[in-house]
Amino acid sequence: MIKNYIKIAFRSLFKNKVYSFINIFGLALGMTVSMLILMFVVHEFSFDKFHQNHKQIYRIMAQLDMDGRKMQFNSFTPRLGPAIKSSSPGVKDFVRIKNAYKKVVIKNPAAGAELFYEPNFMFTDPSFFKVFSFKLKEGNVNEILTRPFTMVISERMAEKYFGDKDPIGKALLYEGKHLMEITGVAENPPSNSTFNFDFLASSITIPQLSESDKMSWEKAGIFNTYLLLDDEKSVPKVTKNILAAGKQTGAFDESANYILEQFATIHLGNNFSDSGNTRLIYIFAGIAVMILFLALFNYMSLTTARSTLRAKEVGVRKVSGAGRGGLIRQFYVESVLVCLIAFALSFLMTKSFQRPFYELLNLNIDTSFLISPLFISIIFGLLLLSAFFAGSYPALILSGFSPMEVLKGRLSSQQKGSGIRKGFTVFQFTVSIALIISTFIVKDQLNFMQQTKLGFNKDQVISIPLSETAGKNFFALRNEIAKESGVEDVTVASTEIFKGYNMYFTKNFTNNKDVGLMSMSVDQNFVKTFQLEWKTKPQTDSWKNGGVVLLNEKAVLDLGFKGNPVGQQLLGESVSGIIKDAHFNSLQSKIEPLAFFVVGDTTNLLAREGSAGILYAKVDPKADLKAKVEKIEAIYKKYEVEKPFEYYFLDDAFNETFKTEIRMSKMFTVFTAFAIFIACMGLFGLVTFTAEIKTKEIGIRKVLGASVSNLVVLLSKDFIKLVLIANGLAFPLAWYMMDKWLQDFTYKTDISWTTFTVSGTLAIVIALVTVSFQAIKAALMDPVESLKSE
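Residues numbered from 1 in each chain as written. Predicted model: local features only at pLDDT ≥ 70, side-chain atom pairs only at ≥ 80, totals over all residues. Heavy atoms only, no water.

1. Thoughts on the overall build of the protein
Right, on to step 1. If you tally the helices and strands in the protein, you get 26 helices and 24 strands.
Right, on to step 2. The proportion of buried residues among the 790 residues of the protein is 51%.
Right, on to step 3. Within the protein, residue pairs in contact and separated by at least 24 positions form 81% of the contacts whose partners lie at least 6 positions apart.
Right, on to step 4. Entry remark: accessible area of the protein is about 36,100 Å², with carbon and sulfur atoms responsible for 56%. (Helix = DSSP H or I, 4+ residues; strand = E, 2+ residues; numbered from the N terminus. Buried < 20%, exposed > 50% of the residue type's maximum accessible area, 1.4 Å probe, protein only. Contact = heavy atoms within 4.5 Å. Areas by Shrake-Rupley, 256 points an atom, 1.4 Å probe, with all protein chains shown as cover.)

Next up, the structure:
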C-alpha cells in the first residue's frame, strides 16, 4: 500500500512541475534558514553542557549594593577554595582559575627568535581536568600542574610551536623571563566552551613570578573559584558557609552578599540582570520558527488551493471503498515525500551557505558540535515537525470531500479552505513586514550610535598597548613618534578607552553616601589629543606637571562638592579643572563619574596602575595609515625587542562596543530577505493557480472588451487587500517589539512613522510586482485558447 502511495505522490509531483518546484524549493529554503539559525541558537544554549558534571559546577560570586549601584565581582583570595572545601561536606572539589587579563608573549627558545602574543593563557590547579571534562591527549591527570613553572598546552599550540615533535618535557619562554615546562597536551576546547584556553600554567607558579605577584597571591583577590558539589541540593548549605569560610582567609569582604552561580548559565549572562544576550538568542529562535512556518504555510496553501483538481480522485476512491483514514495516510505520504526531498535539498543548501553565514556573523562552530547527538536530534525533530504540519491540514481537507458533492460537480474551488489560505497569506506578509520594519529600526539605532557625538575625537587614533620596557622609555618613544610627519599628537593613558576603567569608591561631600568613581591616569597631552572640552579650565598650565585630578561634570554632580570643586582635595590630589561630559564607555550605559589623574612622569603608571599604559597617536586624516603604522612599528621596535608590536584603531574599539547590534542588523537583513522571498513564492503560486482556474472567465471578459489593465486588477486586487490587512497587523506588532528592544538603550533613536510608511509601501510594491507578473501573462493570453481550456 505504501508503495502505491509513493507512486501516486511522484506522479502528482511530475504532473504539476511549477507547483512542485514552489513547494519543494520554498520548504527547502525555509528549512535552510531554520537550520542555519538553529546552528547558532542551539550552539549558544549548549555552552558548557558537554561537561559531565555541568549541573554540579558552581562559581562563587559576590554582590554589593553601593548606594543603589549594584556591583558584582568573582575574584577572590587563593585561600578561599581550600577553606570552603575543608569546611563544607557538600563540596567534592574546587578549582581556581586566573586569566592572564592580557596577551602574554610566548617564545620557543629552541626554534629561534620569533615571538608570539597569546591571548588564551590561564593559571589553574591540578584539579582542573577533574572538575571539568576537558580531555588530555598526553600527560598524567594526577601529575600535571603540581609543580611550579609547568603547564599544559592545547593541540593547536603543540602543532604551532613544535610541529610533529613530542612537546612533553620541552619548555616555552613566558614573557621573556621564565621557562615553562610542558607536562601535558589537551584536546582543543570545543567551540561551545567558556574556557577557550591554549595554555594552562600551574597556579603555584604565580607567587614565584615576581614580588608583586607574590603579594597578590598573599593578599589580593585574583582567582575565580569554582566548586564541584556532590549534588545540586547542596547549594543552599554551601552558600551559607561561604562567609564563614571567607573569614578564615583574612582577606574577605564581609559586607557583600555571596551566591553560587551555576557554571552552565554563565555564557548567556544569567547572572544579575544581564539578559541581553539571552534575549537575542530567543529573538533569532523565534525568527527561525516563523520562517519555517512561512514555508510550511506556502505548501499547505497551494496544496489545499489545488484540492479541487484532485476532488474527483478522492470521490472515486471513496465510492470504491477507501476510508478517510486511508486517504489521510496517502496525503501524509505525499507530504512526507515532499518534505524529505526538500530536506535533502536543504541539507545541500545549508552546507553551501554555512561558511558565508559564519563569516557574516563572526561565528566559530566546531564540526564536532554539528555531528553531536544533540544537534542531530534537533535537526531530525525539525524534519518531523515539518512533515507533521505540512501534511496535517491538506490531509484533513482533501480526505474530507463528500463523494456525492464531488461526483455531481458541485465542489467549488473556493469552498474548501479559502479563508484559511487568506489567513496564511496575511500571516506571511505580517511577518515579512514586521521584519522589514525591525530591520530599518535596528539599522537606525546602529547609525544613531555610530554617529552620536561622543564629546571627544576618536577618529584617526592608533592605540598601542605598551610593554613594561616600552613604558619605561615612553618619553623617547613618544618624542620620536611625534616627530613623524603626519602624526598630529601623542599621549598615554593607563587604561584602554572603551575597554574598562579602574574604579575607586569615595564619599559624597554633602550626604556622605558612597560614590563609585571611574578613573584613569593620563599625561598632559591627553586633553589636547582627544580634543576634550573644558567646563572649567585650569587657571594656569601648572596642572600639566601632574599631581592633580581633572573631573567630568557627572563626577562633580555625584560627589556633591561644597562650593567650587576646583582646588579641593579628592583621593589625595587637588582638583584642577572640570571637563565636559563625554562618552568613554558604551552608549548602552549612562555617562559615569570619571576622574583623570594627571601624571607628570608616565613611567610611574606601572607603579600606580599596574599597567605600562596605552599610547595613543593621532594621525592626520590625509596621511597613509598603512605606511604610518609601519613607521610607528619600526620606531617601537627600537625600544622593545622582546615583545611583538601590537596596535588597533580606536574607532574599531568603539564599534566593538555594539557588536551585538551589528550582528543583529546583519541577521535581520538577511533573514528578512529570505522571509519576503518565501512569501512572494507562495503569492506567485496562488496567483498562478487563480489565473489557471479563471482561464475561461478571462477569455470571456477579453471577448467582451476587457482591457489588460482591467484583467490585471481583477486578478490582483484580492491579494493586495490581504497585504494591506497584513500592514495593519504588522505595524502595531513591530512597534511593540522594537519599542521593548530600544528600552535596553540609554541613548536611542526615535521610532519614526516614515519607517512604517516605507516598509508598508515596499511590501505592497513587492507583492504587486509578484502578482502582476503572472496576472499580465494570463491577461495577454489568446481568448480563443482560453475558451478551449477545460
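Back to the write-up after that little detour.
2. As for helix α7 (residues 235-249)
Right, on to step 1. Taking 1.5 Å per residue as the helical rise, α7 with its 15 residues ought to reach 21 Å, and the 21 Å between its terminal C-alpha atoms agrees with that figure.
Right, on to step 2. Taken residue by residue, α7 has Val 235, Val 238, Asn 241, Ile 242, Ala 245, Gly 246 and Thr 249 as its buried positions.
Right, on to step 3. The first or second residue beyond α7 is Gly 250, which carries a positive phi of 75°. (Expected span 1.5 Å × (residues − 1).)

3. Some thoughts on the packing of helix α16 (residues 474-482) against helix α20 (residues 625-639)
Right, on to step 1. Direction vectors running N to C along α16 and α20 enclose 160°, while the axes themselves pass 10 Å from each other. Put simply, α16 runs roughly antiparallel to α20. At the point where α16 passes α20, the crossing takes the right-handed sense. Note on element contacts: α20 touches α16 through Ile 632, Ile 635, Tyr 636, Lys 638 and Tyr 639, opposite Ala 476, Leu 477, Glu 480 and Ile 481.
Right, on to step 2. Broken down by class, the residue content of the contact of α16 with α20 amounts to 7 nonpolar, no polar and 2 charged. (Axes fitted to C-alpha atoms, helices over the stretch in contact; angles between N-to-C directions. Parallel < 35°, antiparallel > 145°, perpendicular 65-115°, else oblique. Left-handed = near helix turned anticlockwise from the far one by under 90°. Nonpolar A, V, L, I, M, F, W, Y, C, P; charged D, E, K, R; others polar.)

4. Observations concerning empty space enclosed by the protein
Right, on to step 1. Tallying each qualifying case throughout the model produces 2 cavities of 30 Å³ or more.
Right, on to step 2. Estimated volume of the largest cavity: approximately 70 Å³.
Right, on to step 3. Around the largest cavity sit Met 518, Asn 552, Ala 582, His 583, Phe 584, Asn 585, Ser 586, Ser 589, Lys 590, Ile 591, Glu 592 and Leu 594, which together line it.
Right, on to step 4. When the residues that make up the lining of the largest cavity are grouped by side-chain class, the tally is 5 nonpolar, 5 polar and 2 charged. (1 Å grid on protein atoms, 1.4 Å probe; cavity = no way out; pocket = protein on both sides within 12 Å on 5 of 7 lines; lining within 4 Å. Points joined across faces, edges and corners; volume = space filled by probe spheres on them.)

5. A look at the packing of helix α3 (residues 80-87) against α7
Right, on to step 1. Interaxial distance between α3 and α7 falls to 9 Å at its minimum, and their mutual angle equals 125°. The angle between the axes of α3 and α7 places the two elements in the oblique class. Taken as a pair, α3 and α7 cross one another with a handedness that is right-handed. In this structure, α3 contributes Leu 80, Ala 83, Ile 84 and Ser 87 to the contact, and α7 contributes Val 238, Asn 241, Ile 242, Ala 245, Gly 246, Gln 248 and Thr 249.
Right, on to step 2. Among the residues making up the contact of α3 with α7, the classes are represented as 6 nonpolar, 5 polar and no charged.

6. Regarding the packing of aromatic side chains
Right, on to step 1. A complete count under the given rule lists 53 aromatic pairs for this structure.
Right, on to step 2. Here Phe 128 and Phe 197 contribute two aromatic rings whose centre-to-centre distance is 5.6 Å and whose plane-to-plane angle is 85°, an arrangement assigned as edge-to-face. Of this pair, Phe 128 sits in helix α4 (residues 128-131) while Phe 197 is found in the loop between β10 (178-186) and β11 (199-202), placing the two residues 69 residues apart along the sequence. For the residue pair Phe 128 and Phe 197, the accessibility class agrees, reading buried in each case. (Phe/Tyr/Trp six-rings, centres within 6.5 Å; stacked < 30°, edge-to-face > 60°.)

7. Side note on the nonpolar core
Right, on to step 1. Counting residues in each nonpolar core, the largest one holds 120 residues, and the members touching the most others are Phe 456, Ile 497, Phe 526 and Phe 584.
Right, on to step 2. At 16 residues, helix α2 (residues 17-45) tops the list of elements feeding residues into this core.
Right, on to step 3. Sequence-distant contacts of Phe 526, defined by excluding residues within four places in its chain, comprise Thr 491, Val 492, Ala 493, Ile 497, Met 520, Leu 532, Phe 584 and Phe 596.
Right, on to step 4. Core analysis: the second largest hydrophobic core is formed by 23 residues, Ala 158, Val 185, Ala 201 and Ile 206 among them. (Core = buried A, V, L, I, M, F, W, Y, C linked by side-chain atoms within 4.5 Å.)

8. Brief notes about the confidence of the model for the protein
Right, on to step 1. For the protein, per-residue confidence averages 84 on the pLDDT scale, and 85% of positions sit at 70 or higher.
Right, on to step 2. Segment residues 270-275 is flagged for pLDDT under 50; beyond a separation of four residues in sequence, or across chains, it makes 12 contacts in the model. (pLDDT = per-residue confidence, 0-100.)

9. Here we look at a nonpolar patch on the surface
Right, on to step 1. Residues Leu 733, Trp 735, Tyr 736 and Met 737 make up a contiguous nonpolar surface patch of about 420 Å² in total accessible area.
Right, on to step 2. The topology assignment puts Tyr 736 in helix α24 (residues 708-742). (Patch = residues over 30% accessible without salt bridge, like charges linked within 9 Å, V, L, I, M, F, W, Y side chains within 5 Å. Salt bridge = Lys/Arg side-chain N within 4 Å of Asp/Glu carboxyl O.)

10. Observations concerning the pattern of salt bridges
Right, on to step 1. Inspection of every chain in the model, using the stated rule, returns 22 salt bridges.
Right, on to step 2. Residues Glu 484 and Lys 628 are paired through a salt bridge, measuring 3.8 Å at the closest nitrogen-oxygen approach. You can see Glu 484 sitting in the loop between α16 and β15 (487-493) and its partner Lys 628 sitting in helix α20, a full 144 residues away along the chain.
Right, on to step 3. The partner of Asp 489 in a salt bridge is Lys 528, with the nearest N and O atoms 3.4 Å apart. Pair noted here: Asp 489 is in strand β15 and Lys 528 is in helix α17 (residues 526-529), with a separation of 39 residues, a long-range link.
Right, on to step 4. The exposure class of Asp 489 is buried, given its relative accessible area of 15%.
Right, on to step 5. Looking at Lys 528, the relative accessible area reads 54%, which means it is exposed.
Right, on to step 6. Via salt bridges that share partners, Glu 484, Lys 628 and Lys 631 belong to a single interconnected network.

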